[in-house]
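One-letter residues, chain by chain:
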Amino acid sequence: QVQLVESGGGLVQAGGSLRLSCAASGRTFSSYAMGWFRQAPGKEREFVAGISWSGGSTYYADSVKGRFTISRDNAKNTVYLQMNSLKPEDTAVYYCAAVLDSDYETPRGSWGQGTQVTVSS
């Protein structure tokens, strides 16, 4: 079982950038597709971005396409989310999770504690 720890969140002005990291334990990290999800207050958790085990394939929610970039470093057991041109509606707790190879929007396994991203207008 992969255990996950997210970091890198914070308070940023609209138009700013943040880079989130998700550190995973376990030697099987590199065999999993991974995804980022977020949950805003009063809303359900939603998919943000996904990446294949090799990093060769990525997929994004329409709301973040062109602004966010997901990447991974299997040697460091870490997946990243570079967030540019942030908007107030990006405010949420961000989580990473292993996802299905066939459907990046479907998480599998456990969640980390999440990292808070707050975008001020």
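Rules and cut-offs
- Residues numbered from 1 in each chain as written.
- Predicted model: local features only at pLDDT ≥ 70, side-chain atom pairs only at ≥ 80, totals over all residues.
- Heavy atoms only, no water.
- Helix = DSSP H or I, 4+ residues; strand = E, 2+ residues; numbered from the N terminus.
- Rg over C-alpha atoms; globule rule 2.2 N^0.38 Å.
- Buried < 20%, exposed > 50% of the residue type's maximum accessible area, 1.4 Å probe, protein only.
- Contact = heavy atoms within 4.5 Å.
- Areas by Shrake-Rupley, 256 points an atom, 1.4 Å probe, with all protein chains shown as cover.
- Lys, Arg positive; Asp, Glu negative; His and termini not counted.
- Charge placed at Lys NZ, Arg CZ, Asp CG, Glu CD.
- Pairing = 2+ DSSP bridges.
- Axes fitted to C-alpha atoms, helices over the stretch in contact; angles between N-to-C directions.

Trainee: Mind showing me how you'd approach the overall build of the chain here?
Mentor: When you go through the chain residue by residue, the secondary structure sums to 0 helices and 11 strands. Its helices and strands in sequence order give the chain the pattern β-β-β-β-β-β-β-β-β-β-β, from N to C terminus. Taking 121 residues into account, the globule formula puts the C-alpha radius of gyration at 14 Å, and the chain, at 13 Å, falls close to it. Judged by the C-alpha coordinates and their principal axes, the chain covers about 40 × 25 × 25 Å. When burial is assessed residue by residue, the chain has 44% of its 121 residues classed as buried. Within the chain, contacts between residues at least 6 apart in sequence are counted, and of these 56% link residues at least 24 apart. When the accessible area of the chain is evaluated, it comes to approximately 6,100 Å², of which 46% is carbon and sulfur surface. Seen as two clouds, the 11 positive and the 10 negative side-chain charges of the chain have centres 6 Å apart.

Trainee: Even after reading the chapter, I still don't get the sheet that holds strand E3 (residues 18-24), so can you show me in this structure?
Mentor: Consider a sheet: its strands pair through backbone hydrogen bonds, and that pairing is either parallel or antiparallel. Taken in spatial order, the 4 strands of this open sheet run E1-E3-E8-E7, and their pairing is antiparallel. Each of the sheet's edge strands pairs with one partner strand only, and the pair in question is strand E1 (4-7) and strand E7 (68-73). In this sheet, adjacent strand axes meet at a mean angle of 15° when their direction is disregarded.

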